[in-house]
Amino acid sequence: MLVIDTLVFERLLQLQRQLLPDGGGLRLTLAGDACSGFRVGLHWSVHWQPEDHIEVLNGLRLLANARHWPVLQQATLSAGEQEQCSGIRVFLPVADCDCASQQCASSLETAK
């Protein structure tokens, strides 16, 4: 299950109310794979896509491609800082992966 730090959650919910009062939500995108590392993107999206999985957590609307959701729902979002800039840190647990054979339990292909 996706875990969002309380302070991050409150700020995201506040931003959603300001930016998207009529719908849409926070879109989570996923690129890469378990062997080379996943990259998670976050951005506000006004529209839902037909292939979206929509998750509502206490009013916060999360949008993600349905085939990526099994990987993304394992994430933890917390407050973070990098080069003195505040933001959101996304942590995904290490997947069960045999990278030499390219057999990854949490690869995008198995997350369909």
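Further up the page is the structure itself.
Definitions and limits used
- Residues numbered from 1 in each chain as written.
- Predicted model: local features only at pLDDT ≥ 70, side-chain atom pairs only at ≥ 80, totals over all residues.
- Heavy atoms only, no water.
- Core = buried A, V, L, I, M, F, W, Y, C linked by side-chain atoms within 4.5 Å.
- Buried < 20%, exposed > 50% of the residue type's maximum accessible area, 1.4 Å probe, protein only.
- Helix = DSSP H or I, 4+ residues; strand = E, 2+ residues; numbered from the N terminus.
- Contact = heavy atoms within 4.5 Å.
- Pairing = 2+ DSSP bridges.
- Axes fitted to C-alpha atoms, helices over the stretch in contact; angles between N-to-C directions.

(A) Summary view of the nonpolar core. With 19 residues, the main nonpolar core has Leu2, Ile4, Leu60 and Leu62 as its most contacted residues. Among the elements of the structure, helix 1 (6-19), strand 2 (25-33), strand 5 (60-65) and helix 2 (69-72) are those that each provide at least two residues to this core. In this view, Leu60 contacts Ile4, Phe9, Leu12, Leu13, Gln16, Trp44 and Glu55; residues no more than four positions away in its chain are not counted.

(B) Quick peek at the environment of Thr6. Relative to the elements of secondary structure, Thr6 occurs in helix 1. Taking the C-alpha atoms as reference points, Thr6 and Ser78, 72 residues apart in sequence, are found 8.3 Å from one another.

(C) Examining the sheet that holds strand 4 (residues 52-57) more closely. Spatially, 3-2-5-4 is the arrangement adopted by the four strands of the open sheet, whose pairing is mixed. Edge strands, defined here as strands with exactly one partner in the open sheet, are strand 3 (37-45) and strand 4. Between one strand and the next, the sheet's axes are offset by a mean angle of 25°, whatever the strand orientation. Relative to strand 5, strand 4 runs antiparallel, the two sharing six bridges. Bridge pairing in strand 5 places His53 opposite Ala64. Sheet strands touched by helix 1: strand 2, strand 3, strand 4 and strand 5. Its angle to strand 5, the strand with the most contacts, is close to 90°.

(D) Quick peek at the environment of Gln49. Mapped onto the elements, Gln49 comes out in the loop between strand 3 and strand 4. With relative accessibility at 36%, the residue Gln49 sits in the partly exposed group. Along the sequence, Gln49 and Leu63 sit 14 residues apart, while their C-alpha atoms lie 8.7 Å from each other.

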